[in-house]
Amino acid sequence: SQQGEEDPQALSIQEGENATMNCSYKTSINNLQWYRQNSGRGLVHLILIRSNEREKHSGRLRVTLDTSKKSSSLLITASRAADTASYFCATDNSRQLTFGSGTQLTVLP
Amino acid sequence: NAGVMQNPRHLVRRRGQEARLRCSPMKGHSHVYWYRQLPEEGLKFMVYLQKENIIDESGMPKERFSAEFPKEGPSILRIQQVVRGDSAAYFCASSPVWGDTQYFGPGTRLTVL
């Protein structure tokens, strides 16, 4: 079964708006990572948040982690058309990453 | 510092042939991971290797698939007697130490005719 599950599966917003994606997982983790994938391309690492951290920022990205609820969220502020991509959360048990099925974000100009 | 490199980027094979996918990790990285992505799905872990050792192969199919990471040279994912169901994108990732961020290559897209 999937460890990480993203919600929603697809999200369409206007340029300038904020986009929030959620991820839930089942077992304990060492860290949780968010990746972006443009259509037909490889994965780009966005941010890693460790199990003892609650919030992390990187540019327009903000990630939260709630280990009691086994959930994480990725917020992209002031979205741009170039942010259009699939976004995956991946839980890390230090041997492997377990990916969810992703959220397809479309940012309309 | 070059990123993770994979080749070929695209590979077409007929059923029954062998596919060899290569991955060169980032400089200084001795941990390599292979993942498979089917269309419209997330990545699925296949195998985790360190130099000359397989650490975790819990995601590898029991037959036809093998992986190695020799002391010298790239990591190789080998698929023997390919079938149509093997068509997918295969991604390699590397990390400098155990439990650190994994950096992904551009992937090899395998098409089995």
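None of the values given here were measured: they were computed from a predicted structure. Throughout this document, residue positions are counted from 1 along each chain, in the order its sequence is written. Chains and ligands are labelled sequentially in the order written, the chains with letters from A and the ligands with numbers from 1. pLDDT decides what is reported in this predicted model: residues at 70 or higher carry local features, side-chain atom pairs at 80 or more are listed and counted, and totals for whole chains, interfaces and linings draw on all residues regardless. Only hydrogens and water are set aside when side-chain values are computed; all heavy atoms of the structure are taken into account.

Q: It is not clear to me how the sheet that holds strand 8 (residues 75–79) of chain B should be interpreted in this structure. Could you clarify?
A: Strand-to-strand pairing in sheets goes through backbone hydrogen bonds, with the strands running parallel or antiparallel. Residues and elements named next belong to chain B. Here, strands pair whenever DSSP counts at least two bridges between them. In this description a helix means any DSSP run of H or I spanning at least four residues, a strand means any run of E spanning at least two, and both kinds are numbered starting from the N terminus. Taken in spatial order, the four strands make up an open sheet running 1-3-8-7, and their pairing is antiparallel. A strand with exactly one partner marks an edge of an open sheet, and here the two such strands are strand 1 (5–7) and strand 7 (65–68). Neighbour-to-neighbour, the strand axes of this sheet turn through a mean angle of 15°, independent of strand direction. Across three bridges, strand 1 lies against strand 3 (residues 19–24) in antiparallel orientation. Opposite Gln 6, over in strand 3, you have Cys 23 as the bridge partner. All axes are obtained by fitting lines to C-alpha atoms, using only the stretch in contact for helices, and the reported angles, taken between N-to-C directions, cover 0 to 180 degrees.

Q: Quick question: what am I supposed to make of the state of the cysteines here?
A: Here, the word disulfide means a covalent bond between the sulfur atoms of two cysteines. Only a pair of cysteine sulfur atoms within 2.5 Å qualifies as a disulfide here. Applying the stated rule across the entire model yields two disulfides over all chains. Linked covalently through their sulfurs, Cys 23 of chain A and Cys 89 of chain A form a disulfide whose S-S length is 2.0 Å. What sets the handedness of the Cys 23 of chain A and Cys 89 of chain A disulfide is the S-S torsion sign, and at about 65° it is right-handed. Residue Cys 23 of chain A is located in strand 3 (residues 19–24), and its partner Cys 89 of chain A is located in strand 9 (residues 85–92); the two are separated by 66 residues in the primary sequence. For the residue pair Cys 23 of chain A and Cys 89 of chain A, the accessibility class agrees, reading buried in each case. Residue Cys 23 of chain B pairs covalently with Cys 92 of chain B via a disulfide, S to S 1.7 Å. Negative torsions about the S-S bond denote left-handed disulfides, and the value of about -50° found for Cys 23 of chain B with Cys 92 of chain B makes this one left-handed. Accessible area is worked out with a 1.4 Å probe on protein chains only. A residue is then buried under 20% of its type maximum, exposed over 50%, and partly exposed in between.

Q: Would you mind going over the sheet that holds strand 3 of chain A with me for this structure?
A: All names here are of chain A. An order of 1-3-8-7-6 is seen for the five strands of this open sheet, with the pairing classed as antiparallel. Edge positions in the sheet fall to strand 1 (5–7) and strand 6 (55–58), since each of these pairs with one other strand and no more. Strand after strand, the sheet turns through a mean of 20° between neighbouring axes, direction not considered. When strand 6 meets strand 7 (residues 61–66), the two strands line up antiparallel, connected through four bridges. Directly across from His 57, in strand 7, lies its bridge partner Arg 62.

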